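Remarks on the overall topology
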Amino acid sequence: MSNTKKVFSKEVSLVLCGKAGQGIQTIEAILTQVLNIERYNVYATKEYMSRVRGGSNSVEIRVSEVFRYAFTERIDVLFPMDGDSLDHMADRVSSDTVVIGDRDHVHGKFDTSIPVFSVPFAEASREIGDEVYINTLIAGFILSFFNVQMSSVEKVLRKVFARKGGDIISNNIKAIEKGMQLAVEYEHDHPLDICIQRYTENDRNVFMSGTDAVALGAVSGGCNYIASYPMSPGTGVFTALAGFSKNLGIVVEQTEDEISAITMGLGAWYAGARAMVSTSGGGFALMTESVSLAGMIESPMVIHIGQRPGPATGLPTRTEQGDLNFVLHAGHGEFPRVILAPGTIEDGYELTRLAFDIADKHQIPVCILTDQYFLDTLCGGYSKEMKIQKIQHYFIETSKEYQRYRFTEDGLTPRGIPGFGDGLVCVDSDEHDETGHITESFDMRKRMMQKRMSRFSLLYEDEVEPFFSGDKDVSTLIVSWGSTYGVVQEALEIMHDSTVSHVHARQVFPVPETLKHYALDANRVIVVENNWSGQFADLIEKEIKKPVQRIVQYDGLPFGVGNLAKRLREALI
Amino acid sequence: MGNRVFEPDHHMDIAWCPACGNFGILGALKMALEELGLRPENTVITSGIGQAAKTPQYVKAHFFNGLHGRSLPLACGIKVANPFLTVIAESGDGDTYGEGGSHFLHAIRRNSDITNIVHNNMIYGLTKGQASPTTQEGMMTPIHVRGVYEKPFNPVAVALSLGASFVARANIGDLVKTKEIFKRAIQHKGYALVDVFQPCVVFNKLNTYQWFKEHTYYVDESYDAHDRVAVFSRIMEEDRLPIGILYEQIGQKTFEEHIGVYESNADPLFRRRHNLNTIRELIAEYAK
């Protein structure tokens, strides 16, 4: 045990580890919400095994003077909550890590260079009545290192335990107080001190996960219909929309399979609803026939795909950006589509909202490509960047002469819906004529292909611009997409290299023109992505016809900031 | 035939073989829709793939001719988005009971207010004579060169076991009675199955018009279509197959009623306003 106090003044990375069922998520919810209310910059991400109880799971909570939105491998303070925790976290523990926990959980695992500090959390929680309070007690212990009002804590506890009733809430308040008291009792040999500034800007005013952001974006985009089949990590969005359904009048259907989910969704769009499905790569595999159907019948569709590592079942609870190629090419035949990939909380909302408009306006499937890391990560965001706008409907009231596939100059035929007007809306998965009836005419086939494919060029009107940071004239361009935005930004900040700029794709396909220009102008392009082969790198090479470098990771974990900075430095040599 | 309201305005190049049972089903459907006083603008027919699935192409109504096996999810998706529409899912035995088998099971459980008309010719026609889920045991096909060994799928028994509130079987050899069954099915509130026996004159030499006539009988007045257990024993009969309205139960809550969005507002989804205030309030819940 070391008596020299470690002082964390700029930021601290707190990691709690234990088995499923021990309530790590409750600690995460209490700490993040209280610290957020108390105006600390807080970020949290979790990693967990695919099981209901047991195993070893952890949550990382970063509290920092400046806003951070990235996973760091570095652990400043580790709270092991069971005997397996230290083994699970061993790779990330260094001599700079402070380990705090019950004696049984912290001793005998490491050499003496690692500061290990034992506090009787379990015994103290039994004093409150039950060891189940250990999670809240540890949250209280941690909160004592920050300057927080008890009223904020009580407000959060009432919210977190809202469904459990008064006794549970008051016992949890006791647990928080007991935890704080333990921190004081053991103060004389505290190994650490945390004195991080609160933030001063007051408009980063919402705190949510990527899942929340996508679900809120969906309802803001007018989503009134979701049919899905549960699959991690796409289930969260489905669940969140079900939660909103009573207030907003959303049709929610858990279908027998993903094929039925997307088919129902297409039926819903056809009848005038704004439908979406939420799934993961494996579920999307089943949906692909209907992605092609959407292409053929020129139907809007919004598809949220939370990626996890494949092939097949892969690692069900881990993260990867390995499905880009699949989503890019899913569905037989040729037809236009758009793929959007949020990298911030604001974009999770905004791109999902936009997806409904793009899908409806252009009569195409739009995929929102996220991943487990993005969906499960919590952080603050600016609600002012989450637009609330009246949605525009693109369907029309039909007349008797209405033809669903009438040839037009730009290839887009106004979309009629059954029951609105005197016309008939006939759609067919077979090649069809202007009325929507089956045809085997080669001439008609050619004209319909031209009609469908010509709409690709219209998509540029609504292209979602990438984020760009750095100097436009510098020699090296780092390219990223989707969930890696925050980690690339922070890694570049650490590197502090003025010869490097960063472009982050929010629309992944079609590749935005501006992104292509940046890539063409740079002497060297390095694409960072969470997969084996560099799938976005391949797409960019194809578009700019120039080789690019890649930095990839495919172990099932998100990029960590330290490791990414190191690999970027190596790549730049 | 006298049915005009649902008759297409233009001549149709119908893709069926001469004397195909599909013609009768098409005629009976158009007559049923007209006699019920329905309008093409408020009628949607969905289908999957196959010769039977081409039926909506030849009716003057809205249609969504989708993918193989998927007529039912389409129909459920449409009906719940706009309950004012009359929605009919129409396809063949292979499409509905084979490729779409899981959808068949769960559409029954979901109990959307739709009508499911299944053209059951006990063979695959468009792919040239392979066995369907309802093909009789022993039939030789290009694939089952030793004869079909699977027990035929019994759609009416399956539907009944899953709690379907309207189960009927028809024989297109009798057009008028089939039309009357269609009318009752369309009027029924909730999922209604009509399995229609229909010969494939090219690929099924066993189950002909004559065979269906000899192997079926209409349930008579003594039959109680509300007694689920008694109905069960009857529809398990294999020598002569009972046809008509085999089971009917009124008052089962539909999917559209369960889903809640129509409890206080009958407007179809497309007529509803986007509630910006509620969204603002939702986002505010994530603020401190």
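Here the structure is a predicted model, which is why all the values come from computation and not from measurement. (Residues numbered from 1 in each chain as written. Chains lettered and ligands numbered in written order. Predicted model: local features only at pLDDT ≥ 70, side-chain atom pairs only at ≥ 80, totals over all residues. Heavy atoms only, no water.)

Let's talk about the overall build of chain B
Within chain B, the regular secondary structure consists of ten helices and eight strands. For chain B, whose C-alpha radius of gyration is 20 Å, the value lies close to the compact-globule estimate of 19 Å for 288 residues. Taking the principal axes of its C-alpha atoms as reference, chain B extends roughly 70 × 50 × 40 Å. Burial analysis of chain B (288 residues in total) assigns 59% to the buried set. Counted over contacts in chain B with a minimum sequence separation of 6, partners at least 24 positions apart contribute 69%. Of the roughly 12000 Å² that chain B leaves accessible, carbon and sulfur atoms contribute 52%. (Helix = DSSP H or I, 4+ residues; strand = E, 2+ residues; numbered from the N terminus. Rg over C-alpha atoms; globule rule 2.2 N^0.38 Å. Buried < 20%, exposed > 50% of the residue type's maximum accessible area, 1.4 Å probe, protein only. Contact = heavy atoms within 4.5 Å. Areas by Shrake-Rupley, 256 points an atom, 1.4 Å probe, with all protein chains shown as cover.)

Describing the domain arrangement of chain A
All names here are of chain A. Taken domain by domain, chain A consists of domain 1 (6-194), domain 2 (207-380), domain 3 (395-460) and domain 4 (467-572). Summarising the inter-unit geometry, the C-alpha centres of domain 2 and domain 4 are found 25 Å apart. The interface of domain 2 with domain 4 comprises 26 residues on the first partner and 24 residues on the second. The largest per-residue losses of area from domain 2 upon contact with domain 4 belong to Gln321, Leu324 and Ala341, which jointly make up 29% of the total buried on that side. Summed over the shared surface of domain 2 and domain 4, the result is one salt bridge. The residue Asp347 makes a salt bridge to Arg506 at a minimum N-O spacing of 2.6 Å. Residue assignment for the side of domain 2 that touches domain 4 shows that the elements contributing at least two residues are α12 (324-329), β14 (338-340), α13 (345-362), β15 (365-371) and α14 (372-376). (Domains from an automatic or database assignment. Buried area = accessible area lost by both parts, 1.4 Å probe. Salt bridge = Lys/Arg side-chain N within 4 Å of Asp/Glu carboxyl O.)

A look at the pairing of strand β21 (residues 476-481) of chain A
All names here are of chain A. The element β21 is extensively covered by neighbouring structure, given that six of its six residues are classed as buried. Both faces of β21 are covered, namely the face carrying Thr476, Ile478 and Ser480 and the face carrying Leu477, Val479 and Trp481. Sheet topology places β21 next to strand β22 (residues 500-505); six bridges connect them, and they run parallel. Residue pairing across strands places Leu477 opposite Ser501, the latter belonging to β22. Running through helix α16 (residues 485-495), the crossover from β21 to the neighbouring parallel element β22 is right-handed. Bridge analysis of β21 against strand β24 (residues 524-529) gives four bridges, and the strand direction is parallel. Bridge pairing in β24 links Leu477 to Val525. (Pairing = 2+ DSSP bridges. Right-handed = clockwise from strand over helix to strand, strands pointing away.)

Here's the deal with a nonpolar patch on the surface
The grouping of B:Val201, B:Val202, B:Phe203 and B:Tyr209 at the surface amounts to a nonpolar patch, some 300 Å² of accessible area in total. Along the chain, the position of B:Val202 falls in the loop between β6 (192-197) and α7 (209-215). (Patch = residues over 30% accessible without salt bridge, like charges linked within 9 Å, V, L, I, M, F, W, Y side chains within 5 Å.)

Some remarks on helix α6 (residues 175-187) of chain B
Counted at 1.5 Å a residue, the expected span for α6(B) with its 13 residues is 18 Å, and the 18 Å between its end C-alpha atoms agrees. Of the residues making up α6(B), those classed as buried are B:Thr178, B:Lys179, B:Ile181, B:Phe182, B:Lys183, B:Ala185 and B:Ile186. (Expected span 1.5 Å × (residues − 1).)

Quick word on the interface of chain B and chain A
Taken residue by residue, the interface counts 48 residues in chain B and 69 residues in chain A. Between chain B and chain A, the buried area comes to about 4800 Å², and carbon and sulfur atoms account for 67% of it. Linking B:Arg110 and A:Glu256 is a salt bridge whose minimum nitrogen-to-oxygen distance equals 2.8 Å. For the pair chain B and chain A, the interface holds 18 residue pairs in polar contact (both at pLDDT 80 or more). Listed by contribution, the elements that provide at least two residues to the side of chain B that touches chain A are β2 (62-65), α2 (71-81), α4 (101-110) and α10 (276-284) of chain B. The element that contributes the greatest number of residues to the side of chain B that touches chain A is α2(B), accounting for seven residues. In terms of residue class, the side of chain B that touches chain A is built from 26 nonpolar, 13 polar and nine charged. Both strand β19 (residues 426-428) of chain A and β2(B) contribute to a ladder of three bridges, which runs parallel. Bridging across to β2(B), A:Asp428 finds its partner in B:Asn65. (Polar contact = N/O pair within 3.5 Å; in protein donor to acceptor, adjacent residues only side chain to side chain. Nonpolar A, V, L, I, M, F, W, Y, C, P; charged D, E, K, R; others polar.)

Considerations on the packing of aromatic side chains
This structure, assessed with the given rule, holds 24 aromatic pairs over all chains. An angle of 85° between the planes, with centres 5.9 Å apart, marks the rings of A:Phe395 and A:Phe420 as edge-to-face. Of this pair, A:Phe395 sits in strand β17 (residues 395-398) while A:Phe420 sits in strand β18 (residues 415-421), and the two are 25 residues apart along the sequence. Directly above the ring of B:Phe255 sits B:Arg110, whose terminal nitrogen or CZ lies 5.9 Å from the centroid. Of note, B:Lys177 hangs over the ring of B:Tyr218, and the distance from its end group to the ring centre comes to 4.6 Å. (Phe/Tyr/Trp six-rings, centres within 6.5 Å; stacked < 30°, edge-to-face > 60°. Lys NZ or Arg CZ within 6 Å of the ring centre and 35° of its normal.)

Re the sheet that holds strand β1 (residues 43-47) of chain B
In space, the nine strands of this open sheet follow the order β19(A)-β2(B)-β1(B)-β3(B)-β4(B)-β6(B)-β5(B)-β8(B)-β7(B), with mixed pairing throughout. The sheet is open, and its two borders are formed by β19 of chain A together with β7 (216-218) of chain B, each paired with just one other strand. Recorded for the sheet is a direction-independent mean angle of 20° between the axes of neighbouring strands. Summarising the sheet, β7(B) and strand β8 (residues 241-248) of chain B pair through three bridges and their orientation is parallel. When the bridges of β8(B) are listed, B:Tyr217 appears paired with B:Pro242. With respect to the sheet, α2(B) is in contact with β1, β2, β3 (86-92) and β4 (115-120) of chain B, its orientation differing from that of β3(B) by roughly 175°. (Axes fitted to C-alpha atoms, helices over the stretch in contact; angles between N-to-C directions.)

Structural notes on unusual backbone geometry
Residue and element names in this part refer to chain A. With omega at 0°, the peptide bond leading from Ser232 into Pro233 counts as cis. For Pro233, the position within the fold is in the loop between β10 (225-228) and α9 (235-248). Of note, the amide linkage connecting Gly310 to Pro311 takes the cis form, showing an omega dihedral of 0°. One can find Pro311 in the loop between β13 (301-307) and α12. Although it is not a glycine, Gln363 sits at a positive phi angle of roughly 55°. Turning to its location among the elements, Gln363 is positioned in the loop between α13 and β15. Residue Gln363 is classed as buried on the basis of its relative accessible area of 5%. Phi angles above zero are rare outside glycine, and Lys545 is one such case at about 55°. With respect to the helices and strands, Lys545 occurs in the loop between α18 (535-544) and β25 (549-552).

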